[in-house]
Amino acid sequence: MRSLTATACVAAMSAAALLLSGCSDPRGLRVAGPAVSPSPPAGPAEVTEPVYVSDAARRPLQRPASFELTGAVSLTGLRWSSWGDATAKATGGLSGAWCRPECGRQPYPVAITLSGLLRQDGPKRREDRPAFYSSATLVSDRLPPEKAAELGRVSLHTPEF
């Protein structure tokens, strides 16, 4: 089972490297196949399929240490306590042009939850089908009320399967 998981991870990373090397469609990541469907709530079972989050540039990432959530929101110093289940959770720093200069010197502490796991359907084995988180929730006691409401639920890019 471990070698199958390692093979799937190597295949996913190779595909991501190929996409990032300039051979991809300039309009963003596109995957052919059947439509996505929400995955059922996951328990503590071992995850065997590749799970990603897309950044603002639509790059697929796994457990990123930092990434641009949107063109105006950056997350840094992420420490993931979970990944691959129905939700992924991390803590880290939050910054953007909207909070500078204050958060430029010291990013706001933030808790992030990724959810809405979407998985490609089709004839492939389950462990070979990629899955993407489709929404993010950010919580920080340093956010002004209007920004807290805006970041309460952020829709993330997911590829067209």
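The structure we're discussing is the one just above.
Residues numbered from 1 in each chain as written. Predicted model: local features only at pLDDT ≥ 70, side-chain atom pairs only at ≥ 80, totals over all residues. Heavy atoms only, no water.

**Details of the packing of aromatic side chains**
Threshold: The pairing test for Phe, Tyr and Trp rings, Trp by its six-membered ring, is centres within 6.5 Å, and the orientation test on the planes gives stacked under 30 degrees, edge-to-face over 60, and tilted for anything in between. Burial status follows relative accessibility: with a 1.4 Å probe on protein chains alone, a residue under 20% of its type maximum counts as buried, one over 50% as exposed, and anything between as partly exposed.
Across all of its chains, the model carries 4 aromatic pairs by this definition. Here W80 and W83 contribute two aromatic rings whose centre-to-centre distance is 4.9 Å and whose plane-to-plane angle is 80°, an arrangement assigned as edge-to-face. Since its relative accessible area comes to 14%, W80 is described here as buried. Put simply, the rings of W80, W83 and Y133 touch in pairs and so form one group of aromatic residues.

**Structural notes on the pattern of salt bridges**
Which entries qualify depends on this criterion: Salt bridges are defined as contacts in which a side-chain nitrogen from Lys or Arg sits within 4 Å of a carboxyl oxygen from Asp or Glu. By the criteria applied, helices consist of DSSP H or I runs no shorter than four residues and strands consist of E runs no shorter than two, each listed in order from the N terminus.
Evaluated as defined, the whole model comprises 3 salt bridges. One salt bridge in this structure joins R59 and D55, with 2.6 Å as the shortest N-O distance. Residue R59 is classed as partly exposed on the basis of its relative accessible area of 38%. The salt bridge involving R142 is made with E102; its shortest N-O contact spans 2.4 Å. Taken together, the residues span a long stretch of sequence, with R142 in the loop between β10 (135–139) and α3 (145–150) and E102 in helix α2 (residues 102–105) at a distance of 40 residues.

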